[in-house]
Amino acid sequence: HVFCLDCKSRYIVMNLRNQGEDGADNIRPNGLRCMGRSQGGDGFEVHCESCLSVADVRELQLRSDQISDSDIALLEQRVAERSVQQAIDPAERVYCPSCSSLHFHDPSVTISQSTCTHCSMSFCRHCQTKWHQGMTCEEYQKQSLTSDTTAEFIKATSKPCPHCSQPTTHYHGHACHHIKPSGGCPSCKTHWCYSCSQPYSGPGRQRACSCRQYCFDTIPTEHLVMNPYPHDGRCGCPICPDCRPGAPCAQCSGDCVVCRGEVEPGKLCLDSPEEGVAHAKTRLRAAVTAFLQEPSQRSLDALQASVDLPPELSSALEPTRSMRAARSYLNKYRACINSLSAEQRAALQARGRIMAALHAFGREPSGQSLKALQAALKLPEEISTALESAEVLRVARKHLEKYEKRCEMPSELIGIFRGPHGECLRQFQDTWKVCVKVVVPTQGGTQQLSNLLMITHQVLNRQSSEQTLLAAVDAIQSWLSARHRSISVPLRLLGKFIGPRGAHIKAFCAEHGVKIVRRAGVSHGEDVEHVDIFGDSAPAAAEALSEWTRRNVKTDEQRRVVPIPSSLVGRFI
């Protein structure tokens, strides 16, 4: 048989890692069986019995970058194990139920207890379980199933062998669906398909079914069944409880949905009723969010699947906001999901983004999740108007009000507040553990005089964040009050205060090290000029200006104004 280099290399690597169609059965005492098939005399397709020797695989390694030195070493080990296995009569073979290592058993020995030389487990060679001192195999199996919890867990995480009913588990993404650890069922050695529970038959143990050989790479929400144990509803394979993201278990190649971080690991016990409700609620909430983020027939079907729950879960979730929202979307969009306008889709997607950001912020309040919530609330005017009555928008804004404070600061003080190279601002943030963002508001394209300070906590939590933010705002207000004063100067004295070409006011600012901003106003019925003084010495400068104003007003009050007809002005002068 002739094959391309990539297919042949892939076949070798996957068989060595127990990922091939027939796994360890493809290893022969003289090498790895050919991946080709031929027509047998009775009409069945059978495997080609030719083998790739270790030398052949070494030669192939020189032309392929898929085969590593560790694969060659593993092949040598498997070939040696197969040679030993072939030398032992089938009636004398015993496999450890824990690590599946092969042992020799003398038929003349009547004792059923064996001890594995690899993992040191003491087990019964008859029922393939741990050793049960003083009990027969039947008594031990009955005792192990007396606990309702244990029986329910075994039933939820396994399928019975079609020949001997031995409970067998195949975790999702862990090799193919062919049940064959150490040559078939651990109890009766029957080869069968875990997906449909049909036994293999015919020469070469060919599959009698047309099921998918491997688990699907991903598990969409509509196919992830959480009760009674998390599993893929298409093939029935439960989720592995031992794998972790980036840390596969001993039976996994590291590419299952748990190792990739797509699904939470399974548990070592069934959920309590409370945990079952919590999981169903989480799944329902995720389905609602997914539908809003991408309104489509597929996400609507997933939403329908998350609503179709057992009666006990459905009754527990019926009063929740998520269930009401899910049923509302199903009733509203089931018949028109494919005919939504662009505006309707945009509004739904915006609602979904806000809901996802709100849930993420609720699970783990942090600066990052708060920024995500702020970004989700930045909506175009038409979408904001469409969602104005939505409850999720009101809740999100309420959260922002709680975890985000604002205060105004005059533009003249921003530079002082930041300090040289932003040192003062960084010191303030480190002291109060807050993040301060300066926003320059505009109105009609014109920059306003006062900047807006957005103050958020660096490490948010529900207990201390609001109190810390309020204290930080008070500190900023105290800082502002110490560096800002406002004095009213009568309009008739303004020219004298400014001086020729502003010389007097410039000298005043230079003497006290302050900045001055003037704005017109009225005080006690008299036109005045409000003079805002900014700077570290603003209190002293304001006191000096007040004294100057009082002195000049007193001098001005000593004057008397006498009207003189214009015809007499020349004679008077």
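Because the structure is a prediction, the values reported are computed rather than measured. Numbering of residues starts from 1 in every chain and runs along the sequence as written. Under the rules for a predicted model, residues below a pLDDT of 70 receive no local features and side-chain atom pairs below 80 are neither given nor counted, while totals for whole chains, interfaces and linings still include all residues. Side-chain measures were taken over the full set of non-hydrogen atoms in the model, leaving aside hydrogen atoms and water.

Draft legend 1. Representation of the overall build of the protein. Only DSSP runs of H or I reaching four residues or more are called helices, and only runs of E reaching two or more are called strands; each is numbered from the N terminus. Of regular secondary structure, the protein possesses 20 helices and 24 strands. Burial classes follow relative accessibility: with a 1.4 Å probe on protein chains only, a residue under 20% of its type's maximum area counts as buried, one over 50% as exposed, and anything between as partly exposed. A total of 573 residues make up the protein; the buried ones form 39% of that total. Pairs at least 24 residues apart make up 53% of the contacts formed inside the protein by residues separated by at least 6 positions. For the accessible areas, the method is Shrake-Rupley and the probe is 1.4 Å, while residue cover comes only from the protein chains on display. Surface summary for the protein: the accessible area is close to 32,400 Å², and the carbon and sulfur share equals 52%. The criterion used for residue contact is that any of the two residues' heavy atoms lie within 4.5 Å.

Draft legend 2. Just unusual backbone geometry, in detail. With phi around 65 degrees, alanine 175 is a residue other than glycine that occupies positive phi space. For alanine 175, the location among the structural elements is in the loop between β12 (167-168) and β13 (178-179). At histidine 421, a residue that is not glycine, the phi angle is positive and equals roughly 60 degrees. The residue histidine 421 is located in the loop between α14 (411-418) and α15 (423-432) in this model. Assessed through its relative accessible area of 72%, histidine 421 is described here as exposed.

Draft legend 3. Up close: the packing of helix α10 (residues 342-363) against helix α13 (residues 391-403). Axis separation between α10 and α13 bottoms out at 10 Å; the angle between their running directions is 40 degrees. What the angle tells us is that α10 and α13 run oblique. By crossing handedness, the relation of α10 to α13 is classed as left-handed. Of α13, the residues touching α10 (which contributes Arg351, Ile354, Met355, Leu358 and Phe361) are Val392, Leu393, Val395, Ala396, His399 and Tyr403. Throughout this entry, Asp, Glu, Lys and Arg are counted as charged residues, while Ala, Val, Leu, Ile, Met, Phe, Trp, Tyr, Cys and Pro are counted as nonpolar. The remaining residues, Gly among them, count as polar. Classifying every residue of the contact of α10 with α13 by side-chain character gives 9 nonpolar, 1 polar and 1 charged. The convention used is that axes are lines fitted to C-alpha atoms, helices contributing only their stretch in contact, and that angles between N-to-C directions extend from 0 to 180 degrees. Between 65 and 115 degrees an angle is taken as roughly perpendicular, under 35 as roughly parallel, over 145 as roughly antiparallel, and anywhere else as oblique. The sense of a crossing depends on the near helix, which, turned anticlockwise from the far helix by less than a right angle, makes the crossing left-handed and, turned clockwise, makes it right-handed.

Draft legend 4. Main features of the sheet that holds strand β10 (residues 129-130). Two strands make a pair as long as DSSP finds a minimum of two bridges between them. Reading across the sheet, the 3 strands line up as β8-β9-β10 and stay open at both edges, with antiparallel pairing between neighbours. In this open sheet, the two edge strands, each paired with only one partner strand, are β8 (113-115) and β10. Sheet analysis places β8 next to strand β9 (residues 122-124), joined by 3 bridges and oriented antiparallel. For threonine 115, the partnering residue across the bridge sits in β9 and is serine 122.

Draft legend 5. Representation of the environment of proline 160 within the structure. With respect to the helices and strands, proline 160 occurs in strand β11 (residues 159-160). Under the relative-accessibility criterion, proline 160 is labelled partly exposed at 49%. Between the C-alpha atom of proline 160 and that of tyrosine 194, which follows or precedes it by 34 residues, the distance is 9.2 Å. Look past the residues within four positions of proline 160 in its chain and what remains in contact with it is Ser165, Gln166, Pro167 and Trp192.

Draft legend 6. Region of the structure containing the pattern of salt bridges. For this analysis, a salt bridge means a side-chain nitrogen from Lys or Arg found within 4 Å of a carboxyl oxygen belonging to Asp or Glu. If you walk through the whole model with that rule in mind, you get 10 salt bridges. Measuring nitrogen to oxygen at the nearest pair gives 3.5 Å for the salt bridge that ties arginine 260 to aspartate 255. Owing to a relative accessible area of 31%, arginine 260 belongs among the partly exposed residues under this scheme. Taking relative accessible area as the criterion, aspartate 255 reaches 48% and is therefore assigned partly exposed. Across the salt bridge formed by glutamate 547 and arginine 550, the nearest N and O atoms sit 2.7 Å from each other. Note that glutamate 547 and arginine 550 are positioned in helix α19 (residues 538-557) at a spacing of 3 residues, about one turn of the helix. For glutamate 547, a relative accessible area of 38% translates into the label partly exposed. One connected set of salt bridges, linked through shared partners, spans Asp255, Arg260 and Glu262.

Draft legend 7. Seen up close, the sheet that holds strand β5 (residues 51-52). Pairing in this open sheet of 3 strands is antiparallel, and the strands run β1-β2-β5 from one edge to the other. Where the open sheet ends on each side, the last strands, each with one partner, are β1 (27-28) and β5. Relative to strand β2 (residues 31-33), β1 is paired through 2 bridges, and the arrangement is antiparallel. Bridging across to β2, arginine 28 finds its partner in glycine 31. Packed onto the sheet, helix α1 (residues 5-16) meets β1, β2 and β5 and runs at close to 110 degrees relative to β2.

Draft legend 8. Molecular detail of the side chain of aspartate 232. If you trace the backbone, aspartate 232 turns up in strand β16 (residues 231-232). For aspartate 232, a relative accessible area of 0% corresponds to the buried category.

Draft legend 9. Molecular detail of a nonpolar patch on the surface. Like charges are joined within 9 Å and nonpolar side chains (Val, Leu, Ile, Met, Phe, Trp, Tyr) within 5 Å, but only among residues with over 30% relative accessible area and no salt bridge; these make up the patches. A cluster of nonpolar side chains, Val562, Ile564, Leu568, Val569, Phe572 and Ile573, forms an exposed patch at the surface whose accessible area comes to about 640 Å². Within the secondary structure, valine 569 is located in helix α20 (residues 566-572). Taking the relative accessible area as the measure of exposure, valine 569 reaches 34% and is therefore partly exposed.

Draft legend 10. Structural view of the packing of helix α2 (residues 54-61) against helix α3 (residues 69-87). Packing of α2 against α3 leaves a shortest axis separation of 10 Å and a crossing angle of 170 degrees. By the angle between their axes, α2 is roughly antiparallel relative to α3. Facing α2, whose interface residues are Val54, Val57, Arg58 and Gln61, α3 presents Asp69, Ile72, Leu75, Glu76 and Val79. A per-class count over the contact of α2 with α3 returns 5 nonpolar, 1 polar and 3 charged.

Draft legend 11. Spatial organisation of α14. Those residues of α14 that fall on the buried side of the exposure criterion are Leu413, Ile414 and Phe417. Take α14 and look down its axis: the buried residues cluster within an arc of 120 degrees, on one side only. Where α14 terminates, the next one or two residues include glycine 419, which has phi positive at roughly 80 degrees. Throughout, the arc means that of the directions going from the helix axis to the C-beta atoms.

Draft legend 12. Focus on the state of the cysteines. Here, the term disulfide refers to a pair of cysteine sulfur atoms separated by no more than 2.5 Å. According to the stated counting rule, one finds 0 disulfides in the structure shown. With no disulfide of its own, cysteine 252 has cysteine 256 as its nearest cysteine by sulfur position, at a separation of 3.8 Å.

Draft legend 13. Seen up close, α3. Helix span, expected: 1.5 Å multiplied by one less than the number of residues in the helix. Over its 19 residues, α3 runs 28 Å from end to end, which matches the ideal 27 Å to within 8%, given 1.5 Å per residue. All of the buried residues in α3 are Asp71, Ile72, Leu75, Val79, Arg82 and Gln85. Along the long axis of α3, the arc covered by the buried residues comes to 145 degrees, so they all point the same way. Those residues of α3 that are exposed and aimed more than 90 degrees away from the buried face are Asp69 and Ala87.

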